[in-house]
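Report on the structure
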Amino acid sequence: MTGAAPVFVGSPVYRRAAYGANHPLAIPRVATVMDLCTILGWLDEGNFLASPPATIDQLARFHTRDYIGALRASEAAGAVEPEIRKRYNLGNRENPVFPGVFERAATAVGGSILAAKLALMHGIAYHPSGGTHHGRPDRASGFCYFNDPVFAILSFLDEGLKRVLYVDVDAHHGDGVQDGFAGDRRVFTISIHEEGRFPFSGPADDRGGGQACNFPVPRGFNDSELDYLMREAVLPLGGDFRPQAVVVTCGADGLAGDPLSRMELGNVALWRAVEQAIALAPAAVVLGGGGYNPWTVARCWTGLWGRLNGWPTDGVLPRAAQELLRGLDSDLVDEEDRPERWITHLGDEPNEGPVRDAVKALADAAPAARAATAARP
Ligand SMILES: [Zn+2]
């Protein structure tokens, strides 16, 4: 693998059943993305790398050995003791302990470590299995057992970078990443997320001690509003930080049709926001994140890979790709709410609309954060 073309980091581990029945993440996500990309001729041994799982010692850079041990022991026992459940937030409906949970979570971390190294050589590394931004040092949170974005950032810092920007456009606040670098002036985190939703942190006045900026957006957040926030706040703020690398968590749960959020974005606007964010630095790791509608997730993350490579994403999909999408299913999305476009095209119709005052106010509050960022050495 040579040259500056983007690299896709994945693993066959994501083809295995996970999370058990009746969990929002029981749907296929990255396996479908890998298959769609292969059908489209966008993925082969020339641009794909399988990631190894992170080692215990690697995981212990951020996570406590007690917690790592508890996750492994619970999986081995096939049961979670009540005290462990309480202390580590494991073995409940939110963060079930299922066969393969440790390997799967550790592989996402290994993928983000690898992606950062590859980004320094290839410019862009794409790791859609990553984006577990709620993971805490000593407990699981919000379907996240470990926190792989933290490890992508740590890997950049280990390589000697002095300024790493984190941009999170998942529908939920990137709390674990923001808190993970509290007090580390080398990292600045920006999160756009739906207000009033899990984990209920990241209000507009939360500046993370001068190292973060948060944009809690209202329900119905549309493409025009995302474009506006990027142009008026996120890009100037990120640019002032003069990042040497960018890590983006591109959850697909802010898209219209996602059952766990009420943001209403079209995927083309999300792709554009990612492209704008990664243009701020010469190296970028692009991660996935949440996303609970199998059609919108697969189309978003497949199309994003196309866009990162500069390939056209707007034609009618070939028959094999349509059959794959038609074969998906979800208990959380009613059949009458599945437009035919989810089968025939990667890109959504744009969802343009008015830029509401609440969104303008978020951008207006950003200059104060800009001043703090720009004043740094
Ligand atoms: Zn999310």
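For the structure itself, consult the block above.
This section reports on the structure supplied with the text. For clarity, every value in this text was computed on a predicted model and none was experimentally measured.

Scanning all chains against the criterion turns up 17 salt bridges. We note a salt bridge from arginine 61 to aspartate 158, for which the minimum N-O separation is 2.8 Å. Placement of arginine 61 in the loop between helix H2 (56-59) and helix H3 (65-77) and of aspartate 158 in helix H6 (residues 148-158) is noted, with a sequence separation of 97 residues between them. A salt bridge links arginine 341 to glutamate 349; its shortest N-O distance comes to 3.4 Å.

Okay, a negative patch on the surface next. On the surface, a cluster of negative charge is contributed by Asp334, Glu335, Glu336 and Asp337. Along the chain, glutamate 336 falls in the loop between helix H11 (319-326) and helix H12 (341-344).

In this section: the sheet that holds strand S8 (residues 283-287). The parallel open sheet is built from eight strands, whose spatial order is S2-S1-S3-S8-S7-S4-S5-S6. On the outer flanks of this sheet lie strand S2 (48-50) and strand S6 (212-217), each paired with one strand and no other. Taking the axes of each pair of neighbouring strands and ignoring which way they run, one obtains an average angle of 15 degrees across the sheet. Of the pairings in the sheet, the one linking strand S5 (residues 187-194) to S6 comprises six bridges and is parallel in character. In the strand pairing of S6, isoleucine 192 is matched with phenylalanine 215. Against the sheet, helix H5 (residues 101-122) makes contact with strand S1 (7-10), S2, strand S3 (124-127) and S8, and its axis sits at roughly 165 degrees relative to S3, the strand it touches most.

This brings us to the coordination of the zinc ion. Looking at the zinc ion, the protein donor atoms are Asp170 (OD), His172 (ND1) and Asp253 (OD), and they sit 1.9 to 2.1 Å from it. All donor residues of the zinc ion come from one chain, and their arrangement in sequence is D-x1-H-x80-D. Pair noted here: histidine 172 is in the loop between strand S4 (164-168) and helix H7 (175-180) and aspartate 253 is in the loop between strand S7 (245-249) and helix H9 (267-278), with a separation of 81 residues, a long-range link. Each member of the pair, histidine 172 as well as aspartate 253, is classed as buried.

Glancing now at the nonpolar core. Among the nonpolar cores identified, the biggest contains 70 residues, and Ile192, Phe215, Phe221, Leu226 and Leu229 are the most heavily contacted of them. When near neighbours in sequence (up to four residues on either side) are disregarded, leucine 226 contacts Ile192, Phe221, Leu265, Ala269, Leu270 and Ala273. One finds Ala18, Ala54, Ile68 and Val247 within the second-largest nonpolar core, a separate group that totals 50 residues.

A few words on the pairing of S7. Of all five residues in S7, five are buried, a share of seventy percent or more. The pairing of S4 with S7 spans five bridges and is parallel. By the bridge assignment, aspartate 168 is partnered in S7 with threonine 249. Of the strand pairs in this sheet, S7 and S8 are connected by five bridges, and their pairing is parallel. Within S8, the position partnered with valine 247 by the bridge is valine 285. In this fold, the crossover linking S7 to S8 by way of H9 has right-handed handedness.

A few words on the packing of aromatic side chains. Evaluated as defined, the whole model comprises 16 aromatic pairs. When the centroid spacing of 6.3 Å and the interplanar angle of 85 degrees are considered together, the rings of phenylalanine 62 and phenylalanine 151 count as edge-to-face. Taken together, the positions of phenylalanine 62 in the loop between H2 and H3 and phenylalanine 151 in helix H6 put the pair 89 residues apart, joining distant regions of the chain. For the pair phenylalanine 62 and phenylalanine 151, one class covers both residues: buried. Note on phenylalanine 102 and phenylalanine 146: the rings are 6.0 Å apart at their centroids and 90 degrees apart in plane angle, and the pair reads as edge-to-face. In this pair, phenylalanine 102 is assigned in helix H5 and phenylalanine 146 in the loop between S3 and H6, connecting sequence segments 44 residues apart. A relative accessible area of 14% means that phenylalanine 102 is categorised as buried. The exposure class assigned to phenylalanine 146 is buried, which follows from its relative accessible area of 1%. Ring-pair connections join several aromatic residues into one group, and the members of that group are Phe8, Trp42, Phe48, Tyr126, Trp305 and Trp311. Positioned above the aromatic ring of phenylalanine 102, the side-chain terminus of arginine 72 is 5.1 Å from the ring centre.

What follows covers H6. Because the α-helix completes a turn every 3.6 residues, residues three or four places apart line up on one side. Taking burial as the measure, the 11 residues of H6 include 10 buried ones, the bulk of the element. Here H6 has its buried residues at Asp148, Pro149, Val150, Phe151, Ala152, Ile153, Leu154, Ser155, Phe156 and Leu157. A side-chain oxygen of the first residue of H6 lies 3.2 Å from the backbone nitrogen of valine 150; this N-cap is asparagine 147. Of the residues trailing H6, glycine 160 is marked for its positive phi of about 100 degrees.

Criteria and cut-off values
- Residues numbered from 1 in each chain as written.
- Predicted model: local features only at pLDDT ≥ 70, side-chain atom pairs only at ≥ 80, totals over all residues.
- Heavy atoms only, no water.
- Salt bridge = Lys/Arg side-chain N within 4 Å of Asp/Glu carboxyl O.
- Helix = DSSP H or I, 4+ residues; strand = E, 2+ residues; numbered from the N terminus.
- Patch = residues over 30% accessible without salt bridge, like charges linked within 9 Å, V, L, I, M, F, W, Y side chains within 5 Å.
- Areas by Shrake-Rupley, 256 points an atom, 1.4 Å probe, with all protein chains shown as cover.
- Lys, Arg positive; Asp, Glu negative; His and termini not counted.
- Charge placed at Lys NZ, Arg CZ, Asp CG, Glu CD.
- Pairing = 2+ DSSP bridges.
- Axes fitted to C-alpha atoms, helices over the stretch in contact; angles between N-to-C directions.
- Contact = heavy atoms within 4.5 Å.
- Donors = N, O, S within 2.8 Å, 3.2 Å for Na, K, Ca; no water.
- Buried < 20%, exposed > 50% of the residue type's maximum accessible area, 1.4 Å probe, protein only.
- Core = buried A, V, L, I, M, F, W, Y, C linked by side-chain atoms within 4.5 Å.
- Right-handed = clockwise from strand over helix to strand, strands pointing away.
- Phe/Tyr/Trp six-rings, centres within 6.5 Å; stacked < 30°, edge-to-face > 60°.
- Lys NZ or Arg CZ within 6 Å of the ring centre and 35° of its normal.
- Polar contact = N/O pair within 3.5 Å; in protein donor to acceptor, adjacent residues only side chain to side chain.

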